[in-house]
Amino acid sequence: MKFFLVVIGILIALQINTWNENRKLDQQEISYLNRLIQENKSEILTFKAEIEQLKNNNEKITNLSLAFKNENSSDSLLVLSAREFMIYGSLYPRFNPSISTYEAYPVQET
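Residues numbered from 1 in each chain as written. Predicted model: local features only at pLDDT ≥ 70, side-chain atom pairs only at ≥ 80, totals over all residues. Heavy atoms only, no water.

**What about the overall build of the chain?**
Inference 1: Along the chain, the regular secondary structure elements total three helices and zero strands.
Inference 2: From first element to last, N terminus to C terminus, the chain shows the α and β order α-α-α.
Inference 3: For the chain, the residues scored as buried account for 14% of the 110 residues in total.
Inference 4: Residue pairs in contact within the chain that sit at least 24 positions apart in sequence constitute 82% of those at least 6 positions apart.
Inference 5: Of the accessible surface of the chain, which amounts to about 9600 Å², a share of 60% is contributed by carbon and sulfur atoms. (Helix = DSSP H or I, 4+ residues; strand = E, 2+ residues; numbered from the N terminus. Buried < 20%, exposed > 50% of the residue type's maximum accessible area, 1.4 Å probe, protein only. Contact = heavy atoms within 4.5 Å. Areas by Shrake-Rupley, 256 points an atom, 1.4 Å probe, with all protein chains shown as cover.)

**Here's the deal with the pattern of salt bridges**
Inference 1: For the coordinates displayed, the defined rule picks out two salt bridges.
Inference 2: The partner of Lys-55 in a salt bridge is Glu-52, with the nearest N and O atoms 3.7 Å apart. With a gap of three residues between them, Lys-55 and Glu-52 both fall in helix H1 (residues 2-69), about one helical turn apart. (Salt bridge = Lys/Arg side-chain N within 4 Å of Asp/Glu carboxyl O.)

**Observations concerning H1**
Inference 1: Relative to the 100 Å expected for 68 residues at 1.5 Å per residue, H1 spans 99 Å between its end C-alpha atoms, a close match to the ideal helical length.
Inference 2: Within H1, burial applies to Tyr-32, Leu-36, Glu-39, Glu-43, Glu-50, Asn-57, Lys-60, Leu-64 and Ala-67. (Expected span 1.5 Å × (residues − 1).)

**A word on the side chain of Glu-43**
Inference 1: Position of Glu-43 among the secondary structure elements: in helix H1.
Inference 2: For the buried residue Glu-43, which engages in no salt bridge, the nearest side chain bearing the opposite charge is Arg-35, 11 Å off.
Inference 3: A polar contact of 2.6 Å, which involves the side chain of Glu-43, links it to the backbone nitrogen of Ser-98.
Inference 4: Not counting chain neighbours up to four residues away, the residues in contact with Glu-43 comprise Phe-95, Pro-97 and Ser-98. (Lys, Arg positive; Asp, Glu negative; His and termini not counted. Polar contact = N/O pair within 3.5 Å; in protein donor to acceptor, adjacent residues only side chain to side chain.)

**Regarding the confidence of the model for the chain**
Inference 1: Per-residue pLDDT for the chain averages 82, and the proportion of residues at 70 or more is 84%.
Inference 2: Mean pLDDT across the secondary structure elements of the chain bottoms out at helix H2 (residues 75-87), with 68, and peaks at H1, with 90. (pLDDT = per-residue confidence, 0-100.)

Take a look at the structure:
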């Protein structure tokens, strides 16, 4: 009888330990998912800013192109148009996504 009670006690302890480990994994997963959501929200804002920059660059390129096509444009107007474009931005923004959460998440083999 004592042996049976010891076995039942060990099985209950193992079950509690498994439950606790699963609970910890669930909490960690929720933490990672929240980090991913925050990173994605930040990257969406970055994308929106980059889209605006591309629109502004497109407008500047169009204006510069029109200035070159216009025979009456002075050299100083061309220089000002080109200078404005060169000062305020590159043609194509570079996007560097945050991958810290992806790298930190432990891959579990199934």
